[in-house]
Amino acid sequence: DKAGTAMIHFFPNIMYKDPKWVPTFRIGSNYMGSMVYPVSNAQAYMTQFVFRKQHPQAQNVQVLERKPLPDLVRRYQQSGPPSGGLARTVYDAGTMSVVYDEGGVHYKEKMRAVIEDVEGQGLGMWTNHETVSVRAPAAEFDSVAPLFELLESSIKGNPQWVAGERQGAAIRSKNALNTQRYLQQ
């Protein structure tokens, strides 16, 4: 329904810039297309960005469970960029379950997030991946959880979209580099 009484929410991957690398920029400002915000672990990200931003009116919030996801971290470490040279990539992943009241309904919600933090070489860039939340009225959550799992497992990637996104990222990177070179001249 319009209220999202039972819903699955896939969050976009967003690139952030850690302010310790750009001290003249305020938290929340924009640095070359990235929001300036201190690097966050998966649990803090789910609390601050996923839950609080989605449910600012939530009341009686109780965290039921917080769990790290070491297998997901290993998967990202194996498939991510190499951590050689002056930069290194650090991953964190976890889940969180909460119950809360919103709009007269008592909800249960589960969230998952992966954080990728590229440190060194003055980069200080970090990104969220695989960020998803599912919610339903608490009394019904266990009965709709299999539906959420089916929906998420049935998603098929579109290679054309991925190729287009990579091409767009390359163009944006080239434009940023050209801008930096122009400013240096």
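All values derive from a computational prediction rather than experimental measurement.

(A) Quick look at the nonpolar core. The biggest cluster of nonpolar side chains holds 17 residues, and the ones touching the most others in it are Y45, M46 and M111. Breaking this core down by element, the ones donating at least two residues are α1 (42–54), β6 (88–102) and β7 (105–119). Ignoring any residue separated from it by four or fewer positions in sequence, one finds Y45 in contact with Y16, S40, V50, A113, I115, W126, N128 and T131.

(B) Structural context of helix α3 (residues 141–153). For α3, which comprises 13 residues, the first-to-last C-alpha distance of 18 Å matches the rise-based estimate of 18 Å (1.5 Å per residue) to within 8%. Elements that come into contact with the buried residues of α3 comprise β1 (7–10), β7 and β8 (125–137).

(C) The side chain of H55, seen in detail. Relative to the elements of secondary structure, H55 occurs in the loop between α1 and β5 (59–68). Judged by relative accessible area, H55 falls into the buried class, the value being 3%. Within the structure, H55 has its side chain in polar contact with the side chain of E102 (distance 3.2 Å). Not counting chain neighbours up to four residues away, the residues in contact with H55 comprise M7, Y100, E102, E109 and R135.

(D) Fine view of the layout of surface pockets. Looking at the largest pocket, its volume works out to about 1600 Å³. Put simply, the parts of the chain that give the lining of the largest pocket at least two residues each are β2 (15–17), β7, β8 and α4 (159–184). With 10 residues, the top contributor of residues to the lining of the largest pocket is α4. For the lining of the largest pocket, the per-class residue count stands at 19 nonpolar, 11 polar and nine charged.

(E) View of the confidence of the model for the protein. Averaged over every residue, the pLDDT of the protein is 88; the share at 70 or more is 94%. Mean pLDDT across the secondary structure elements of the protein bottoms out at α4, with 77, and peaks at β5, with 97.

(F) The pattern of salt bridges, seen in detail. Going through the model one piece at a time under the given rule, you end up with five salt bridges. Across the salt bridge formed by E130 and R75, the nearest N and O atoms sit 2.1 Å from each other. Of this pair, E130 sits in strand β8 while R75 sits in helix α2 (residues 70–79), and the two are 55 residues apart along the sequence. For E130, a relative accessible area of 25% translates into the label partly exposed. R135 serves as the salt-bridge partner of E102, at 2.6 Å between the closest nitrogen and oxygen. Remark: R135 occurs in strand β8 and E102 occurs in strand β6; sequence separation between them is 33 residues. Exposure remark for E102: the relative accessible area of 16% places this residue in the buried category. Given a relative accessible area of 3%, R135 falls into the buried group. It is possible to trace a salt-bridge network through shared partners that takes in R75, R112, E130 and E152.

(G) Examining the pairing of β6 more closely. A large share of β6 lies buried, amounting to 11 of its 15 residues. By the bridge criterion, seven bridges tie β5 to β6 in an arrangement that is antiparallel. Its bridge partner being in β6, R66 is matched across the sheet by M96. One ladder, built from 15 bridges, connects β6 with β7; its direction is antiparallel. If you follow R88 over to β7, its bridge partner there is E119. Connecting β6 to the next strand, β7, in antiparallel fashion are two residues, including G103 with a positive phi near 60°.

So, how was this worked out
- Residues numbered from 1 in each chain as written.
- Predicted model: local features only at pLDDT ≥ 70, side-chain atom pairs only at ≥ 80, totals over all residues.
- Heavy atoms only, no water.
- Core = buried A, V, L, I, M, F, W, Y, C linked by side-chain atoms within 4.5 Å.
- Buried < 20%, exposed > 50% of the residue type's maximum accessible area, 1.4 Å probe, protein only.
- Helix = DSSP H or I, 4+ residues; strand = E, 2+ residues; numbered from the N terminus.
- Contact = heavy atoms within 4.5 Å.
- Expected span 1.5 Å × (residues − 1).
- Polar contact = N/O pair within 3.5 Å; in protein donor to acceptor, adjacent residues only side chain to side chain.
- 1 Å grid on protein atoms, 1.4 Å probe; cavity = no way out; pocket = protein on both sides within 12 Å on 5 of 7 lines; lining within 4 Å.
- Points joined across faces, edges and corners; volume = space filled by probe spheres on them.
- Nonpolar A, V, L, I, M, F, W, Y, C, P; charged D, E, K, R; others polar.
- pLDDT = per-residue confidence, 0-100.
- Salt bridge = Lys/Arg side-chain N within 4 Å of Asp/Glu carboxyl O.
- Pairing = 2+ DSSP bridges.

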